[in-house]
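Structural overview for review
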Amino acid sequence: MLRIRKFAAIDIGSNAIRLLVANVIEEDSKPPKFKKSSLVRVPIRLGQDVFTNGEITKHNAQRMINAMKSYRLLMDIHGVEDYMACATSAMREAKNGAVIAEKVSKKAGIDIQIIDGKREAQIIASTDLHDVIEKEKDYLYVDVGGGSTEFTIFSNGKIKVSRSFKIGTVRLLNEMVTPDDWKDIEKWIKRNTKDLKRLSLIGSGGNINKLYKMSGTTIGEPLSYIYLNAQYQFLQSLTYEERISELGLNPDRADVIIPATRIYLSACKWSGARKIYVPKIGLSDGIIKTLFFETSKKEKSISNIINK
């Protein structure tokens, strides 16, 4: 028996806010299949407010409320069964983050969970990586955001360790990352990858997805460290305006793509990885998977109570 269910994930990041609507296909004893149905992204850079002034401005708070109202309507139109809205680095550090979350709940009917870095890393790590991960190989999974970057190490097909660091593209643009911050990440990566061989990187986030698309690489094939480094030098040689006019990058992508590339390159250097796989998954996908399994667990519990 085939059953198709719809779930939605809202990722309130430091550089943008995304709505992902996904179909979950259940069929008898087979594992569920997750298929993206719709993805909407709005470039509300909350991190610019928070990392420089400590709180979200009234202007961006209103933009966020308007975006959430539209997301609420889109979820209703799609016939979404359930949703989860998660706010990350910018919202959790904003002095007025909880107040704005309450306003969104009242005005848009969307409840926001402001999650910590550990929870964010757990959700990202729950994404479906079976098509990428080979059990005999080791991987460093790097998810670069505007305010933080989550690192997860997979060994023998399982999560070995995961950590979130306060280093992200918007922070780097605003020169809010110190040499000590970089050293902390370097030490963590080297310490946790020193005994691993044949390690590759898995990159997620809008910037690595864009770099992958620009490379023209066949889907499923990895980027090389050499290519990524060359692309980094090339991007730096262009002005912000040239990256928009000549490369066709969106204005809110044309600036953050350089610091994002620097993070991926640094992770490769410190881990010894020379291949970067880009499966185009991230926090939104993890939210969908987490939501589905939590909902299924509740349904089974209710079913057991009724059958008793």
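Here the structure is shown first, and the text comes after it.
Our subject in this report is the structure included herewith. Just so we're clear, the structure is a prediction, and the values are computed from it rather than from any experiment.

**Things to note about the pattern of salt bridges**
Under the definition given, this model contains 16 salt bridges. Close ionic contact of Arg18 with Asp11 constitutes a salt bridge, the shortest N to O distance being 3.5 Å. Salt bridges linked by common partners bring Arg3, Arg5, Glu26 and Glu81 together as one network.

**Quick word on the packing of helix α9 (residues 225–237) against helix α12 (residues 257–271)**
As a packed pair, α9 and α12 sit with axes 10 Å apart at the nearest point and diverge in direction by 150°. Between α9 and α12, the interaxial angle falls into the category roughly antiparallel. By crossing handedness, the relation of α9 to α12 is classed as left-handed. Contacts from Tyr225, Leu228, Asn229, Tyr232, Leu235 and Gln236 in α9 reach Ile257, Ile258, Thr261, Arg262, Tyr264, Leu265, Cys268 and Lys269 in α12. Considering only residue class, the contact of α9 with α12 consists of nine nonpolar, three polar and two charged.

**Examining a positive patch on the surface**
A contiguous patch of positive charge on the surface is contributed by Lys58, Lys69, Lys103 and Lys107. For the positive patch, the elements supplying multiple residues, two or more each, are α2 (58–78) and α4 (97–108). Mapped onto the fold, Lys107 is located in helix α4.

**Observations regarding the packing of aromatic side chains**
Following the criterion strictly, the structure yields 10 aromatic pairs and no others. Judged by centre distance (6.4 Å) and plane angle (45°), the ring pair of Tyr141 and Phe154 falls under tilted. Highlighted residues: Tyr141 in strand β6 (residues 138–144) and Phe154 in strand β7 (residues 149–155), separated in sequence by 13 residues. Accessibility expressed as a relative area gives 5% for Phe154, which makes it buried. When the ring of Phe165 is compared with that of Trp188, the centres are 6.0 Å apart and the planes differ by 70°; the resulting orientation is edge-to-face. Here the residue Phe165 occupies a position in strand β8 (residues 158–165), and Trp188 occupies one in helix α7 (residues 179–193), the gap between them amounting to 23 residues. Among the aromatic residues, those joined into a cluster by ring pairs are Phe7, Phe34, Phe292 and Phe293. Lying across the ring of Tyr225, Arg274 places its NZ or CZ 4.4 Å from the centre.

**Comments concerning the environment of Leu39**
Along the chain, the position of Leu39 falls in strand β3 (residues 33–42). On the basis of relative accessible area, Leu39 is assigned to the exposed category, the value being 54%. Apart from the residues lying within four places of it in its own chain, the contact partners of Leu39 are Arg18, Leu19 and Leu20.

**Details of empty space enclosed by the protein**
A full pass over the atoms with the stated rule returns one cavity of 30 Å³ or more. Empty space within the largest cavity amounts to approximately 40 Å³. Taken together, Ile25, Glu26, Glu27, Lys30, Pro31 and Lys33 make up the full set of residues lining the largest cavity. Looking at which element gives the most residues to the lining of the largest cavity, the answer is strand β2 (residues 17–27), with three residues. Of the residues in the lining of the largest cavity, the class split is two nonpolar, no polar and four charged.

**Topic: the sheet that holds strand β9 (residues 199–204)**
Spatially, the six strands line up as an open sheet ordered β8-β7-β6-β9-β11-β10, and their pairing is mixed. In this open sheet, the two edge strands, each paired with only one partner strand, are β8 and β10 (223–224). One ladder, built from two bridges, connects β10 with strand β11 (residues 275–277); its direction is antiparallel. Among the inter-strand pairings, Leu223 is bridged to a residue of β11, identified as Ile276. α12 contacts β6, β7, β9 and β11 of the sheet and is inclined by roughly 160° relative to β6.

**A closer look at the sheet that holds strand β5 (residues 112–114)**
Reading across from one edge, β3-β2-β1-β4-β5 is the order of the five strands in this open sheet, with mixed pairing throughout. Each edge of the open sheet is held by one strand with a lone partner, namely β3 and β5. On average, each strand axis in the sheet is tilted by 25° relative to the strand beside it, whichever way the strands run. By the bridge criterion, nine bridges tie β2 to β3 in an arrangement that is antiparallel.

**Structural notes on the nonpolar core**
Membership of the largest hydrophobic core comes to 38 residues, with the highest contact counts inside it found for Leu140, Val142, Phe151 and Leu201. Contributions of two or more residues to this core are made by β6, β7, α7, β9, α8 (206–215), α9 and α12. It is α12 that provides the largest number of residues to this core, a total of nine residues. Discounting chain neighbours no more than four positions away, the residues touching Phe151 are Leu140, Tyr141, Val142, Val161, Ser162, Arg163, Phe165, Ile185, Trp188, Ile189 and Ala267. One finds Val21, Ala85, Ala101 and Val104 within the second-largest nonpolar core, a separate group that totals 32 residues.

Parameters and conventions
- Residues numbered from 1 in each chain as written.
- Predicted model: local features only at pLDDT ≥ 70, side-chain atom pairs only at ≥ 80, totals over all residues.
- Heavy atoms only, no water.
- Salt bridge = Lys/Arg side-chain N within 4 Å of Asp/Glu carboxyl O.
- Axes fitted to C-alpha atoms, helices over the stretch in contact; angles between N-to-C directions.
- Helix = DSSP H or I, 4+ residues; strand = E, 2+ residues; numbered from the N terminus.
- Parallel < 35°, antiparallel > 145°, perpendicular 65-115°, else oblique.
- Left-handed = near helix turned anticlockwise from the far one by under 90°.
- Contact = heavy atoms within 4.5 Å.
- Nonpolar A, V, L, I, M, F, W, Y, C, P; charged D, E, K, R; others polar.
- Patch = residues over 30% accessible without salt bridge, like charges linked within 9 Å, V, L, I, M, F, W, Y side chains within 5 Å.
- Areas by Shrake-Rupley, 256 points an atom, 1.4 Å probe, with all protein chains shown as cover.
- Lys, Arg positive; Asp, Glu negative; His and termini not counted.
- Charge placed at Lys NZ, Arg CZ, Asp CG, Glu CD.
- Phe/Tyr/Trp six-rings, centres within 6.5 Å; stacked < 30°, edge-to-face > 60°.
- Buried < 20%, exposed > 50% of the residue type's maximum accessible area, 1.4 Å probe, protein only.
- Lys NZ or Arg CZ within 6 Å of the ring centre and 35° of its normal.
- 1 Å grid on protein atoms, 1.4 Å probe; cavity = no way out; pocket = protein on both sides within 12 Å on 5 of 7 lines; lining within 4 Å.
- Points joined across faces, edges and corners; volume = space filled by probe spheres on them.
- Pairing = 2+ DSSP bridges.
- Core = buried A, V, L, I, M, F, W, Y, C linked by side-chain atoms within 4.5 Å.

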